[in-house]
Amino acid sequence: MLPPSQKALVPFISVDHMMQLINHIGLEQMLTGLASAIEDDFKRWQSFDKTPRIASHSAEGVIELMPTADETAYGFKYVNGHPKNTRSGLQTVTAFGLLADVKTGYPVLLTEMTLLTALRTAATSAVAAKYLAPKAAGTMAMIGNGAQSEFQTIAMKAICGITCVRLYDIDPTATAKAAQNLAGQGIKVIRCSSPEHAIEGAQIITTCTADKQYATILTDNMIGAGVHINAIGGDCPGKTELHRDVLLRSDIFVEYPPQTRIEGEIQQLEPTHPVTELWRVIAGQSAGRTETKQITLFDSVGFAIEDFSALRYVRAQVHGTPFLQMLDLLADPNDPRDLFGMLKRSQPCPSPLEIV
Ligand code: NAD
């Protein structure tokens, strides 16, 4: 058997190392870097293999695989969504992911993606708001103050320049947690007592709640002209956040229509209802916000290309740092066709008396 140093080892980023990497880069810098990586990849949308994610549904939640590839790299993420998990001390969303070399098929990175998903989702929301929100939007309502919420807020500050966030959650302890985490982050934090209170004076409204039902976090009478809505939490069949009438008054922007029509807010509309793909706005092929009174809606469900961008960004950033370990994940026989021989070599040596 080859000594570990000569084997085909795969770089692995643990949760602990990911936290150290984020702190090393700086959260705002990393969100900005991820946003640029996502924008760059959205601009070359045609170069990716695309498919709606492969979802396995149960009464409690969903487990999904999210693959995509370009000419040189292949990536996938494993992610779950289980809204009731928090009641038993587990997270709603956990994830890990892998990047591989298309030429050889060999993995080049395995990483935790629970933190990375929160960052890439926040970066994607901020990219959407950069193109769609009213100019000089300063205040965001953040409805749903769970695991994603602080990341959503800080990305919106770093990339879109918001200066005030208005927090609301049905669970006041979640709002208290978010307010405490956001204290000292250079943003004014206001705790609100209802969704109506939260959206007062907000030019951007982000909904990021978790409940496996057709919820109505926002109803039509709550939405004034000219706002931008990021609907993040409705990302599964039978799991939405906005009343249908809000959708009918909005210009709707999506990631990948074949996936969003199944999973997004627009599952409530006719399959032919017009939507604009966000990548086209970023690439200058479609208009984003054209009028001050327009209501724009980013119907986010999370798409594989955002994870691919995040995996490649992290691989570049982690290079040369101590924030990774090398995993013995791939068999590496001396002769590639002698896998059996590799197994035999690992057997304990027989004592001389046993050799006849
Ligand atoms: P979480 O469970 O940590 O937080 C969800 C919060 O929503 C909780 O604090 C809960 O009390 C609150 N909530 C539930 N119903 C509410 C209501 N009616 N009004 C106000 N608040 C309400 O979950 P999380 O990790 O923050 O994820 C939030 C949602 O975002 C989930 O539904 C998840 O599936 C989704 N998500 C989407 C993407 C994407 O790319 N679009 C990525 C990650 C997560």
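Above this text is the structure in question.
As the structure is a prediction and not an experimental result, all values here were calculated from the model. (Residues numbered from 1 in each chain as written. Predicted model: local features only at pLDDT ≥ 70, side-chain atom pairs only at ≥ 80, totals over all residues. Heavy atoms only, no water.)

1. Here we look at the sheet that holds strand β2 (residues 54–57)
Strand order in the open sheet formed by seven strands is β2-β3-β4-β5-β6-β1-β17, with mixed pairing between adjacent strands. Each having just a single partner strand, β2 and β17 (325–327) make up the two edges of the open sheet. Taken over all neighbouring pairs, the strand axes of this sheet differ in orientation by 20 degrees on average, direction set aside. As judged from the seven bridges shared by strand β4 (residues 73–81) and strand β5 (residues 95–101), these two strands associate in the antiparallel manner. (Pairing = 2+ DSSP bridges. Helix = DSSP H or I, 4+ residues; strand = E, 2+ residues; numbered from the N terminus. Axes fitted to C-alpha atoms, helices over the stretch in contact; angles between N-to-C directions.)

2. Focus on the nonpolar core
Across soluble globular proteins, you tend to see nonpolar side chains buried next to one another. Core analysis: the largest hydrophobic core is formed by 68 residues, its most contacted members being Met18, Met30, Leu34, Phe42, Leu116, Ile204 and Val314. Of all the elements, helix α3 (residues 114–132) adds the most residues to this core, at 10 residues. In this structure, Val314 is in contact with Ile13, Met18, Leu21, Met30, Leu109 and Leu116, ignoring residues within four places of it in sequence. If you look at the next biggest cluster of nonpolar residues, it comprises 25 residues, including Cys192, Ala215, Ile217 and Val227. (Core = buried A, V, L, I, M, F, W, Y, C linked by side-chain atoms within 4.5 Å. Buried < 20%, exposed > 50% of the residue type's maximum accessible area, 1.4 Å probe, protein only. Contact = heavy atoms within 4.5 Å.)

3. Some points on the packing of aromatic side chains
Each aromatic ring pair is described using two quantities: the centre-to-centre distance and the angle formed by the ring planes. Applying the stated criterion to the full structure yields six aromatic pairs. Both rings, one in Trp45 and one in Trp279, keep their centres 6.0 Å apart while their planes meet at 10 degrees; by these two values the pair is stacked. A residue pair is termed long-range when its members are at least 10 positions apart, and Trp45 in the loop between α2 (27–43) and β2 and Trp279 in helix α9 (residues 278–282) qualify at 234 residues. Ring geometry for Trp45 against Phe303: centres 5.6 Å apart, planes inclined by 35 degrees, an arrangement best described as tilted. Separated by 258 residues along the polypeptide, Trp45 in the loop between α2 and β2 and Phe303 in the loop between β16 (296–299) and α10 (304–318) bring together distant segments of the chain. Through a chain of ring-to-ring contacts, three or more aromatic side chains come together here, namely Phe42, Trp45, Tyr256, Trp279 and Phe303. (Phe/Tyr/Trp six-rings, centres within 6.5 Å; stacked < 30°, edge-to-face > 60°.)

4. Quick word on the packing of helix α1 (residues 15–25) against α2
At a closest axis distance of 6 Å, the pairing of α1 and α2 adopts a crossing angle of 95 degrees. Considering the angle they form, α1 stands roughly perpendicular to α2. Together, Met18, Ile22 and Ile25 of α1 and Leu27, Gln29 and Met30 of α2 make up the contact between the two elements. In terms of residue class, the contact of α1 with α2 is made up of five nonpolar, one polar and no charged. (Parallel < 35°, antiparallel > 145°, perpendicular 65-115°, else oblique. Nonpolar A, V, L, I, M, F, W, Y, C, P; charged D, E, K, R; others polar.)

5. Thoughts on the pattern of salt bridges
Under the criterion given, the structure shown has 15 salt bridges. The residue Arg44 makes a salt bridge to Asp70 at a minimum N-O spacing of 3.0 Å. Within this pair, whereas Arg44 is found in the loop between α2 and β2, its partner Asp70 is found in the loop between β3 (62–69) and β4, the two being separated by 26 residues in sequence. For Arg120, the salt bridge is made with Asp307, and the minimal N-O distance between the two is 2.8 Å. Taken as a pair, Arg120 in helix α3 and Asp307 in helix α10 lie far apart in primary sequence, 187 residues in all. (Salt bridge = Lys/Arg side-chain N within 4 Å of Asp/Glu carboxyl O.)

6. Some remarks on α1
All of the buried residues along α1 are His17, Met18, Leu21, Ile22 and Ile25. Viewed end-on, α1 has its buried residues packed into an arc of 140 degrees, placing them on one side of the element. The exposed residues of α1 that point more than 90 degrees off its buried face are Asn23 and His24. Looking at the buried side of α1, the elements it contacts are β1 (10–13), α2, β6 (107–112), α3, α10 and β17. At the C-terminal side of α1, Gly26 shows a positive phi close to 100 degrees. (Arc of directions from axis to C-beta.)

7. Quick notes on the side chain of Thr206
Checked against the element boundaries, Thr206 lands in strand β10 (residues 204–207). At 3.5 Å, the side chain of Thr206 forms a polar contact with the side chain of Asn230. (Polar contact = N/O pair within 3.5 Å; in protein donor to acceptor, adjacent residues only side chain to side chain.)

Bear in mind that shape data such as this cannot, by itself, settle questions of function.
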